[in-house]
Amino acid sequence: MIIRVGHLYPEYLNIYADRGNIAVFARRAAARGHELQVDPITVGTPAEPGAHDLIYVGGGQDREQAMIAPDLEGRGEALRTAVERGAALLAVCGGYQLLGRGYRGRDGSWMAGAALFPLETVAGETRMIGDVLLESTLDEARGRTIAGFENHAGRTLLDPGALTLGRVVAGYGNDGASGYEGCRVGRAVGTYLHGPLLPRNPWLADLLLAWAIAHATGGEPEPLAALPDELEAQAHAVSAARARARGGRPA
Ligand code: GLN
């Protein structure tokens with residue numbers, strides 16, 4: 001089958017080669033006999049809710065975020081509707097911040113966001129940089145680990161009761177204080193983890209693909225056939241060890 005992916009602002013939000021996550025989706029879908037059709041969605045491109053099974057947005061610095069923020073804010077209703085109807089979504093760092101209600105950048109300016117995730121972000125004085133290890137809080141994968149790399153000035157504050165992606169084992173996470181990382185609404189996942197995220201966390205790629213396939217078929221998500229993933233397991237182990245060596249989050 002064809003899995004339709006909407007890639008938001010690929011030419012603006014691609015820090016740390018975040019588009020590598022798309023390559024992982026494509027390869028893992030192909031290994032199960034599915035094809036990924038990737039539509040770039042950029043400033044001014046029309047996109048209907050329902051047009052895509054999976055929506056992806058990468059990270060970027062404040063400068064790039066400012067360039068796309070008004071367009072993304074204007075897509076808020078369409079994105080919320082798409083997720084309500086069961087589309088999967090993955091947003092990384094700068095994209096994650098702008099899928100919340102908004103982001104106050106280092107220069108004090110307020111960028112309104114798409115208000116998909118119940119959160120707000122404010123840039124702090126210092127950057128939060130380094131390898132991260134999480135214990136997943138996803139129901140389907142409770143306790144599984146997620147390894148990645150973070151580099152952000154933004155402190156993201158979730159509304160009370162909001163769902164997270166994981167508990168921080170090592171690293172800063174959303175704000176360096178809450179002990180949690182990322183946010184989830186339906187099948188939408190936002191996270192600070194670059195790296196890219198998916199090559200070293202293939203189970204998360206498969207979960208998002210299973211959700212996207214369920215959206216395409218109108219059925220329930222089915223686990224995908226296992227792949228060997230030996231290199232992926234090694235990448236995860238190296239990354240997790242680096243994060244553990246860094247230690248727990250600073251007080
Ligand atoms: N500009 C944002 C911050 O520093 C996001 C950076 C990023 O995507 N790495 O918080």
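In this report, we go over the structure that sits alongside the text. Since this is a predicted model, take the numbers as computed values, not measurements.

### Some words on the pairing of strand β12 (residues 188-191)
Thinking step 1. Taking every second residue as pointing to the same face, both faces of β12 are buried, with Ala-188 and Gly-190 on one and Val-189 and Thr-191 on the other.
Thinking step 2. Here strand β11 (residues 183-185) runs beside β12; their pairing, made up of three bridges, is antiparallel. Bridged to Val-185 within β12 is Ala-188.
Thinking step 3. Linking β11 back to β12 in an antiparallel pair, the connection comprises two residues, with Gly-186 at a positive phi of about 55 degrees.

### Points about the nonpolar core
Thinking step 1. Within the largest apolar cluster, 62 residues are counted, with the highest numbers of intra-cluster contacts made by Phe-25, Leu-72, Leu-89, Leu-99 and Phe-117.
Thinking step 2. At nine residues, the largest contribution of residues to this core is made by helix α5 (residues 202-217).
Thinking step 3. In terms of nonpolar packing, the next biggest core, distinct from the first, is built from five residues, Leu-133, Ala-147, Ala-240 and Ala-243 among them.

### Let's talk about unusual backbone geometry
Thinking step 1. Notably, Ala-17 is not glycine yet its phi reads approximately 55 degrees, a positive angle.
Thinking step 2. Mapping Ala-17 onto the fold places it in the loop between β1 (2-8) and α1 (20-30).
Thinking step 3. Residue Ala-17 is classed as partly exposed on the basis of its relative accessible area of 44%.
Thinking step 4. Its identity as a non-glycine residue notwithstanding, Asp-229 has a phi of 55 degrees, on the positive side.
Thinking step 5. Tracing the chain through its elements places Asp-229 in the loop between α5 and α6 (230-246).
Thinking step 6. Among the residues examined, Asp-229 registers a relative accessible area of 18% and is labelled buried.

### Some points on the site of the ligand
Thinking step 1. Surveying the vicinity of the ligand reveals 15 residues, the closest of which are Asp-62, Gln-65, Cys-93, Gln-97 and Gly-154.
Thinking step 2. Between the ligand and Asn-151 there is a distance of 3.0 Å, counted from a nitrogen atom to a backbone nitrogen or oxygen.
Thinking step 3. Taking Ala-153, its main chain carries an N or O atom lying 3.0 Å from an oxygen atom of the ligand.
Thinking step 4. Coverage of the ligand by the protein amounts to 100% of the 300 Å² it exposes when considered alone.
Thinking step 5. Of all the secondary structure elements, the ones that give two or more residues to the shell around the ligand are α2 (62-74), α4 (94-98) and β8 (145-158).
Thinking step 6. Among the residues forming the shell around the ligand, the class breakdown is three nonpolar, ten polar and two charged.

### A look at α1
Thinking step 1. Every buried residue belonging to α1 is among Asn-21, Ile-22, Val-24, Phe-25, Arg-28 and Ala-29, and all of these are buried. Each buried residue of α1 sits inside an arc of 155 degrees when the element is viewed along its axis, so together they form one side.
Thinking step 2. The secondary structure elements touched by the buried residues of α1 are β1, β2 (35-41), β3 (54-57), β4 (88-92), α5 and α6.

### Examining the packing of aromatic side chains
Thinking step 1. Enumeration according to the criterion identifies three aromatic pairs in this entry.
Thinking step 2. With a centroid separation of 5.4 Å and 70 degrees between ring planes, the pair formed by Tyr-16 and Phe-149 is classed as edge-to-face. Here Tyr-16, found in the loop between β1 and α1, pairs with Phe-149, found in strand β8; they are 133 residues apart in sequence, far enough to count as distant.
Thinking step 3. Residue Phe-149 is classed as partly exposed on the basis of its relative accessible area, which comes to 22%.
Thinking step 4. Ring plane angle 85 degrees and centroid distance 5.3 Å describe the contact between Tyr-96 and Tyr-192, whose orientation is recorded as edge-to-face. Separated by 96 residues along the polypeptide, Tyr-96 in helix α4 and Tyr-192 in the loop between β12 and α5 bring together distant segments of the chain. For the residue pair Tyr-96 and Tyr-192, the accessibility class agrees, reading buried in each case.

What counts and what doesn't
Residues numbered from 1 in each chain as written. Predicted model: local features only at pLDDT ≥ 70, side-chain atom pairs only at ≥ 80, totals over all residues. Heavy atoms only, no water. Buried < 20%, exposed > 50% of the residue type's maximum accessible area, 1.4 Å probe, protein only. Helix = DSSP H or I, 4+ residues; strand = E, 2+ residues; numbered from the N terminus. Pairing = 2+ DSSP bridges. Core = buried A, V, L, I, M, F, W, Y, C linked by side-chain atoms within 4.5 Å. Near = heavy atom within 4 Å. Polar contact = N/O pair within 3.5 Å; in protein donor to acceptor, adjacent residues only side chain to side chain. Areas by Shrake-Rupley, 256 points an atom, 1.4 Å probe, with all protein chains shown as cover. Nonpolar A, V, L, I, M, F, W, Y, C, P; charged D, E, K, R; others polar. Arc of directions from axis to C-beta. Contact = heavy atoms within 4.5 Å. Phe/Tyr/Trp six-rings, centres within 6.5 Å; stacked < 30°, edge-to-face > 60°.

None of the figures reported here should be taken as evidence of function without further support.
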